[in-house]
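Structural overview
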Amino acid sequence: MTGANAKPTMANIRTYLKKLESLVILLSVFKDEETAKKLDVRREQVNAMLAVAKKDPTKAESMARIPKSLRDALDKLATEEEVKELEILIESALGAMAPPDGDEVVVIDFTENIDMGDWKSGVEEYNKCTEDDLWEHLGLPEKKLPFFQTRTDPNAAIDPWSEDGQQWLDNPQSPAQNLAPRWHQLVGILRLIDRVLNGEPVMLMDGVGVGKTMQAVGLITCLAQYREHYRKHGKFPGKFAQRSYKKSGGNIPDLPSVIMSPPNLQHQWMSEIQRYLRRATFDVLPYSGKYGARLEWWEKAWTKCQQPPVRRIILATTNAAQDDAATVFIENDKDSYGKPTAGARFGRLSPNTLFGHDYNVTLFDEAHCARKYNKVHVAARGLQERSHSIVAMTATPVTTKPAAGVESSILRGVLVGNHNPEAVEEEYLPSMKKWMCRMREWFSPAIILRTLESTDNTGSKIMGLPPYHDHSLKITLLDWEMMNLRNIARGYLDDCPIVGMSKEWDTSDMKSMKLDVLAKLLKHHLEADCRQPLMMDESGRNLVSNLELTAGNTKSDEPDRIIVFSAFVMSNHAIMDILDLHGIQALELNGQTPMKKRKGILDEFRSSTRTKGARVLILSGVGMDTLWSEQDDRQLRGRIYRHPQAKEVHVYRAIALKTADVFLNNISFSKGAMHEAFVGADQEFSKVCHNYLGLG
C-alpha cells in the first residue's frame, strides 16, 4: 500500500485500518519498551492519515511523512460519505491506541470471584408454582401459548409457514416433535407481562441456551390474546383480571411490536418466529438497509399487512434503526448522555422511519451493544420513547475484552484512587463488591436472570439436560514453536507474523502441537459415537484415554458432531489444511460468511450422517482457541448445550503451556496455577506475559 507504484483504494485503506485496530488491541497486553515505541510510530502515522483525510493545513509536516501513493489516495476520496467513513475508522484506530491515563495498568486477581449465587432471578415469587399453576396465572386453560405451534420439525427440513409445512406439522403421523415452553419460560413470560402491563422496562438476562427467544415471542402473542380477551370480557385473563394497561387505563392498544437485533441475527429471528408461530397468525416484516432504500417501505410494505397492528412484528436491524436515528435526530455532545434530540427534519421525515410510529413493546436483542453512548444507544432510546415498554435482551450485560486492562485501571481509579497503586489488592475487590451489590439492588426489580445452573420448582435443573464435561488439554509446545513465539514477542509490529502450519508438516519436529492434537482428537471422536473422552499425558505431547469418564449418548439415532471454535479467522486455513491431511471433512462459518450462505452451511452440518457429509463445523468471529472472558465462554457453550440438542456435551480446551493461552484461559486456571505454569518459560515470552499478569 505504500510502495512506489502502489495505488491503494478505499477498500485497501479500510482493510488496513480495521486490521491495525485489532492488532493494537491485542498488543495492549505487551508492555515492553520496544513494542511501546513501535506503537507510538503507528499512532503518529494514523494521526497523519487523519490530517490528510481532513485536509488539515496545520498538520503539513506530519502529512508530508505519509507515502505519496497513500497520501494521493486519501486526498482523492470521491464522496463525503467515504471521507466520513474513513475518519470514523481512523478515530477508532486512534481510540484503540490511546495510552491509559494515570498509573501503569495493574491487573486485578479475579480468582476471588464475586459470588453470584445470591443474585436474584427476578421471578422468586413463582419458585413454588407448578406448571399447572403457571398456566392458570396466565389464564390459558388449554395449556398452550396463543398462536403457537404445538409441534416442530427437529431437522428444520420443512418450511413451517408454507401450506404443505403446516399440514405436515398438523399430521399426527409425521415425525414432528412436541413444541411447548418449559417451566422457566412460562415463569419468564408471566414476569414480562407483569412489567409490560405497568409500562415498565425489563432486562431479560437469561443465559445463552436458556430460551429467551421463546419468551420474547410468547410475550408478543400473549399481548395480542389479552387485547382480544379484554375486548370481549372487559378484563384480562388469569392473575391479571383486576389489572389494566397502565398507559391506556384500560385495554392494550392495537399497536405493533418491534424486535431490534444485529443484522447477523435477523435471519435467525425470522426462522425462530416461523418455527414457533402458526402460519398466517402474525405478519413479520424485515426492516433493514439504508433510509434511502426504505422510502416506500411504510407506504407499500406496511399498508399491505392484513393482520391487525397488534399482530404485526417489525424485525429491524440495529443498522437500520441507527440509520433512521441519524436521519431524524441531531448529533449531540457527550453531555447529552445519549438522549435523542429531534432535528429540524423530524416532522417531515420521521413518518418514513421507525421513530414516526408508536409500539406496544420494543424488544432489543444483544442490548449490550448500547452500553456506550453510541449510535445504537441513541436508536434504542428513540424506540423506547415511542414504545409503551422495552425489553432489553442480553446474556452479557458486562463483558471483558483484550483491552480490559485499560478499563480496569480506570475503574480502579474511580473506586480506590490512582495515587496508591499498592492499595489495589486490598481495596479494589471490596469496593467492587460494595458497588456491585448496590447496583444489583437498583436494577433487581427490572431483571430476569436464570442460567444453565438454575433450578425449577422441583429443584431440578431448568434445562433438563445431562451435565456437560469440561476437559483442559495442557499441551507442551515443540521447541521450534516456542522459538517462533519468542520472535513474535520481540517484534510483533514489524510484519505481523502469524503462526501457521509448517510446510514441512510431515517431519515430527516441525509440526504444530495444537493443530496435531486437534486433528487426532477429532479423528478419535469421529471414528465412532460415544467414544471415551481423551486427556493429555504427563509429557503434554500425547493424547490418552481419560478413564475417569465415559461418554454418553442420549440420542443414538443422531451421529456425534463436533464444533471447533477458532478465535481468529486468519487461523482457519491452517486448521482446514491439517484436517484435510487427516481426511477429515469440515465446514467453516465465520463473521465474514454472507448471510445467504450461512443457512446452507448450517443445514449441511445438521443433515450430515455417519457416512456422508461433514460432521465438523469451524466457527470463528461469530472463537481450538481461548476466549477473552468467562461470559464469552458461557455464550459459546450455550450455543451447543441447549434444546433440542439432547446429546451429552464434551468441551475440550487446548491450552499451550508457557504461552498466553494460560493467562487468557482464566476459567481453567487460578493465578497460582498460572504462575506455576509459567515457571521455566522462555525469557522473552515470559516477560511480556508476566508484565500483563502482574506476577512478580
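Residues numbered from 1 in each chain as written. Predicted model: local features only at pLDDT ≥ 70, side-chain atom pairs only at ≥ 80, totals over all residues. Heavy atoms only, no water.

Focus: the overall build of the protein chain
When you go through the protein chain residue by residue, the secondary structure sums to 24 helices and 18 strands. Out of the 696 residues belonging to the protein chain, those deemed buried represent 47%. Put simply, the protein chain shows about 34800 Å² of open surface, and 51% of that area lies on carbon and sulfur atoms. (Helix = DSSP H or I, 4+ residues; strand = E, 2+ residues; numbered from the N terminus. Buried < 20%, exposed > 50% of the residue type's maximum accessible area, 1.4 Å probe, protein only. Areas by Shrake-Rupley, 256 points an atom, 1.4 Å probe, with all protein chains shown as cover.)

Brief notes about the pattern of salt bridges
A full pass over the atoms with the stated rule returns 21 salt bridges. One salt bridge connects Asp132 with Lys143, and the closest N-O pair in it is separated by 2.6 Å. A residue pair is termed long-range when its members are at least 10 positions apart, and Asp132 in helix α6 (residues 131–138) and Lys143 in the loop between α6 and β1 (151–152) qualify at 11 residues. Its relative accessible area of 44% is what places Lys143 among the partly exposed residues. (Salt bridge = Lys/Arg side-chain N within 4 Å of Asp/Glu carboxyl O.)

Details of the sheet that holds strand β11 (residues 447–448)
Pairing within the open sheet is parallel, and its seven strands lie in the order β5-β6-β4-β9-β10-β3-β11. The sheet is open, and its two borders are formed by β5 (283–287) and β11, each paired with just one other strand. The pairing of strand β9 (residues 359–365) with strand β10 (residues 387–393) spans six bridges and is parallel. Bridge pairing links Phe364 to Ala392 in β10. Packing of helix α9 (residues 212–233) onto the sheet brings it into contact with β3 (202–204), β4 (257–261), β6 (312–317), β9 and β10, and relative to β9 it is tilted by some 175 degrees. (Pairing = 2+ DSSP bridges. Contact = heavy atoms within 4.5 Å. Axes fitted to C-alpha atoms, helices over the stretch in contact; angles between N-to-C directions.)

Topic: the packing of helix α18 (residues 513–527) against helix α19 (residues 572–581)
The contact between α18 and α19 brings their axes to 10 Å, and the two run at 50 degrees. Taken together, α18 and α19 sit at an angle that is classed as oblique. Crossing handedness for the pair α18 and α19: right-handed. Contacts between α18 and α19 involve Leu515, Leu518, Ala519 and Leu522 from the former and Ala574, Ile575, Ile578 and Leu579 from the latter. Residues belonging to the contact of α18 with α19 are distributed by class as follows: eight nonpolar, no polar and no charged. (Parallel < 35°, antiparallel > 145°, perpendicular 65-115°, else oblique. Left-handed = near helix turned anticlockwise from the far one by under 90°. Nonpolar A, V, L, I, M, F, W, Y, C, P; charged D, E, K, R; others polar.)

Thoughts on the packing of aromatic side chains
A full pass over the atoms with the stated rule returns 12 aromatic pairs. An angle of 50 degrees between the planes, with centres 6.0 Å apart, marks the rings of Tyr226 and Phe240 as tilted. Linking Tyr226 in helix α9 with Phe240 in the loop between α9 and β4, this pair joins segments that are 14 residues apart in sequence. Assigned by exposure class, Tyr226 and Phe240 land together as buried. Through successive ring pairs, a cluster of aromatic residues spans Tyr226, Tyr230, Phe236 and Phe240. Above the face of the Trp302 ring, Arg312 is positioned so that its terminal group lies 4.8 Å from the ring centre. (Phe/Tyr/Trp six-rings, centres within 6.5 Å; stacked < 30°, edge-to-face > 60°. Lys NZ or Arg CZ within 6 Å of the ring centre and 35° of its normal.)

What about the sheet that holds strand β17 (residues 616–620)?
Across the sheet, which stays open at both edges, the three strands sit in the order β15-β17-β16 with parallel pairing between neighbours. The open sheet has two edge strands with one neighbour each: β15 (562–565) and β16 (587–590). Ignoring strand direction, the axes of neighbouring strands in this sheet form an average angle of 25 degrees. Summarising the sheet, β15 and β17 pair through four bridges and their orientation is parallel. Each bridged residue has a counterpart across the sheet, and for Ile563 the counterpart in β17 is Leu617. Against the sheet, α18 touches β15 and β17, its axis set at about 165 degrees to β15.

Thoughts on the nonpolar core
A general feature of soluble globular proteins is that nonpolar side chains tend to end up buried together. Within the largest apolar cluster, 53 residues are counted, with the highest numbers of intra-cluster contacts made by Leu138, Ile193, Leu219, Trp269, Ile273, Leu363 and Val391. Looking at this core, the elements with two or more residues in it are α6, α8 (183–197), β3, α9, α10 (263–276), β6, β9 and β10. The residues touching Trp269, leaving out its near neighbours within four places in the chain, are Thr213, Ala216, Val217, Ile259, Ser261, Leu315, Asp365 and Met393. Grouped together as the second largest cluster of nonpolar side chains are 29 residues, Trp298, Val328, Phe355 and Phe364 included. (Core = buried A, V, L, I, M, F, W, Y, C linked by side-chain atoms within 4.5 Å.)

Considering the confidence of the model for the protein chain
Close inspection of predicted coordinates is inappropriate in any region flagged by low pLDDT. The pLDDT averaged across the protein chain works out to 74; a share of 61% of its residues lies at or above 70. Ranking the helices and strands of the protein chain by mean pLDDT puts β4 first, with 97, and helix α23 (residues 671–678) last, with 37. Note that residues 399–425 has pLDDT below 50 and, in this model, 51 contacts with residues that lie over four places away or in other chains. (pLDDT = per-residue confidence, 0-100.)

Focus: α18
When the terminal C-alpha atoms of α18 are compared, their 21 Å separation across 15 residues agrees well with the 21 Å that a helix rising 1.5 Å per residue should span. Here α18 lies mainly inside the structure; 12 of its 15 residues are buried. Of the positions making up α18, those classed as buried are Met513, Lys514, Leu515, Asp516, Val517, Leu518, Ala519, Leu521, Leu522, His524, His525 and Leu526. (Expected span 1.5 Å × (residues − 1).)

Remarks on unusual backbone geometry
The backbone of Lys143 shows a phi angle near 60 degrees, a positive value even though the residue is not glycine. With a phi angle near 70 degrees, Ala280 is a residue other than glycine that sits in the positive phi range. Residue placement: Ala280 occurs in the loop between α10 and β5. Classification of Ala280 as exposed rests on a relative accessible area of 58%.

Let's talk about the packing of α8 against α9
With their axes 9 Å apart at the nearest point, α8 and α9 run at an angle of 55 degrees to one another. With respect to α9, the element α8 is oriented oblique. Crossing of α8 over α9 shows right-handed handedness. Across the interface between the two elements, His184, Gln185, Gly188, Ile189, Leu192, Ile193 and Val196 from α8 touch Met214, Gln215, Gly218, Leu219, Cys222, Leu223 and Tyr226 from α9. Its residues placed into classes, the contact of α8 with α9 shows nine nonpolar, five polar and no charged.

Considering the side chain of Thr318
Considering the arrangement of structural elements, one finds Thr318 in helix α12 (residues 318–328). Looking at Thr318, the relative accessible area reads 7%, which means it is buried. Among all residues touching Thr318, those that are not within four sequence positions of it are Met260, Ser261, Pro262, Pro263, Phe364 and Val376.

Here's the deal with a nonpolar patch on the surface
A grouping of Met439, Trp442 and Phe443 is seen on the molecular surface, where their side chains present a nonpolar patch of about 350 Å² in accessible area. Here Phe443 shows up in helix α16 (residues 424–443). (Patch = residues over 30% accessible without salt bridge, like charges linked within 9 Å, V, L, I, M, F, W, Y side chains within 5 Å.)

Looking at the environment of Asp358
With respect to the secondary-structure elements, Asp358 resides in the loop between α13 (346–349) and β9. According to the relative accessible area criterion, Asp358 is partly exposed, its value standing at 39%. With 27 residues separating them in the primary sequence, Asp358 and Glu385 have C-alpha atoms 8.7 Å apart. A polar contact of 3.0 Å, which involves the side chain of Asp358, links it to the side chain of Arg386. (Polar contact = N/O pair within 3.5 Å; in protein donor to acceptor, adjacent residues only side chain to side chain.)

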